[in-house]
Amino acid sequence: MPNAAEDVLATCHCGAVSIRLPKAPAEITHCNCSLCRRYGVLWAYYAIAEVMIETKIPTDTYAWGGKNVDFHRCSGCGCVTHWYPRKAGRENLGINARLLDPKLLAAANVRYKDSADTGLFH
Ligand SMILES: [Zn+2]
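Report follows, based on the coordinates.

**Some words on the overall build of the chain**
Then step 1. In terms of helices and strands, the chain carries two helices and ten strands.
Then step 2. Each helix (α) and strand (β) of the chain, taken in turn from the N terminus, gives the series β-β-β-α-β-β-β-β-β-β-α-β.
Then step 3. In terms of overall dimensions, the chain is globule-like: its C-alpha atoms have a radius of gyration of 14 Å, near the 14 Å expected for 122 residues.
Then step 4. With the principal axes as the frame, the chain shows a C-alpha extent of 40 × 30 × 30 Å.

**As for the environment of Glu27**
Then step 1. Structurally, Glu27 is set in strand S3 (residues 27–31).
Then step 2. Judged by relative accessible area, which is 43%, Glu27 ranks as partly exposed.
Then step 3. Along the chain, Glu27 and Lys103 lie 76 residues apart, while their C-alpha atoms are 14 Å from each other.
Then step 4. In this structure Glu27 touches Trp43, Ala44, Ala108, Asn109 and Arg111, once residues within four positions along its chain are discounted.

**Focus on the layout of surface pockets**
Then step 1. Empty space within the largest pocket amounts to approximately 310 Å³.
Then step 2. In terms of lining residues, the largest pocket is bounded by 16 residues, among which Tyr45, Val69, Phe71, Trp83 and Lys113 are the most central.
Then step 3. When contributions to the lining of the largest pocket are tallied by element, the ones reaching two or more residues are strand S4 (43–47) and strand S7 (69–74).
Then step 4. Looking at the lining of the largest pocket residue by residue, the classes come out as ten nonpolar, three polar and three charged.

**Remarks on the coordination of the zinc ion**
Then step 1. Cys12 (SG), Cys14 (SG), Cys74 (SG) and Cys77 (SG) make up the full set of protein donors to the zinc ion, lying at 2.3 to 2.4 Å.
Then step 2. All donors of the zinc ion come from a single chain, and their spacing in sequence reads C-x1-C-x59-C-x2-C.
Then step 3. The partly exposed category is assigned to Cys77, whose relative accessible area is 30%.

**Let's talk about the packing of aromatic side chains**
Then step 1. One pass over the full model with this rule turns up three aromatic pairs.
Then step 2. With centroids separated by 6.1 Å and ring planes inclined at 55°, the aromatic side chains of Tyr45 and Trp83 adopt a geometry described as tilted. Of the two residues, Tyr45 sits in strand S4 while Trp83 sits in strand S8 (residues 80–85), which places them 38 residues apart along the sequence.
Then step 3. Ring pairs connect the aromatic residues Tyr39, Trp43 and Phe71, which therefore count as one cluster.

Reading guide: rules and limits
Each chain has its residues counted from 1, following the order in which its sequence is written. Per-residue local features of the predicted model are confined to residues with pLDDT of at least 70, and side-chain atom pairs are confined, for both listing and counting, to 80 or more; whole-chain, interface and lining totals are unaffected and use all residues. The side-chain figures draw on all heavy atoms in the structure; neither hydrogens nor water molecules are used. A run of DSSP states H or I qualifies as a helix once it reaches four residues; a run of E qualifies as a strand once it reaches two. Both are numbered from the N-terminal end. Radius of gyration means the value over C-alpha atoms here, while the globule rule gives 2.2 Å times the residue count to the 0.38 power. For the exposure calls, accessible area comes from a 1.4 Å probe over protein chains only, and a residue counts as buried if that area is under 20% of its type's maximum, exposed if over 50%, partly exposed in between. Contacts: residue pairs with any heavy atoms within 4.5 Å of one another. Grid spacing is 1 Å over the protein atoms alone, the probe is 1.4 Å, and a cavity is where that probe fits but cannot get out, while a pocket is an open set with protein on both sides within 12 Å along at least five of seven lines and lining residues have an atom within 4 Å of a point. Grid points are joined across faces, edges and corners, and a volume is the space filled by probe spheres set on the points. Amino acids outside the nonpolar list (Ala, Val, Leu, Ile, Met, Phe, Trp, Tyr, Cys, Pro) and the charged list (Asp, Glu, Lys, Arg) are all regarded as polar, and Gly is one of them. Donor atoms are limited to N, O and S found within 2.8 Å of the metal ion, a distance that becomes 3.2 Å for Na, K and Ca. With water left out, some sites might look partial. Pairing of aromatic side chains requires ring centres within 6.5 Å, counting the rings of Phe and Tyr and the six-membered ring of Trp. Pairs whose planes differ by under 30 degrees are stacked, by over 60 edge-to-face, and all others tilted.

Keep in mind these numbers describe shape, not what the thing actually does.
Following this line, the structure appears as structure tokens:
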């Protein structure tokens, strides 16, 4: 198990985007909405203030629906890295937990969010 005092790093495949997290996620979200199921991502949510995103090259972004958030992907290797709210004042962002060490991913609880139908967790 990682030391709780140590930062956790999520990185894209080519290493151009790295995201420093305060701790490994206890819980990650598997969402079946039309976008997430295509991306194949698992989300870990953090407060924006506790996360450090470093990009050596610009990310590409995509927004859909209400366009409340931008989905970022590395412009080098194409990995979806995170989503970030467009409106100031929102406090949380989502990190693609697939970028983490698989051992950290395996240790987290997965919650299934049925965004495609009910919007509920099950
Ligand atoms: Zn990359």
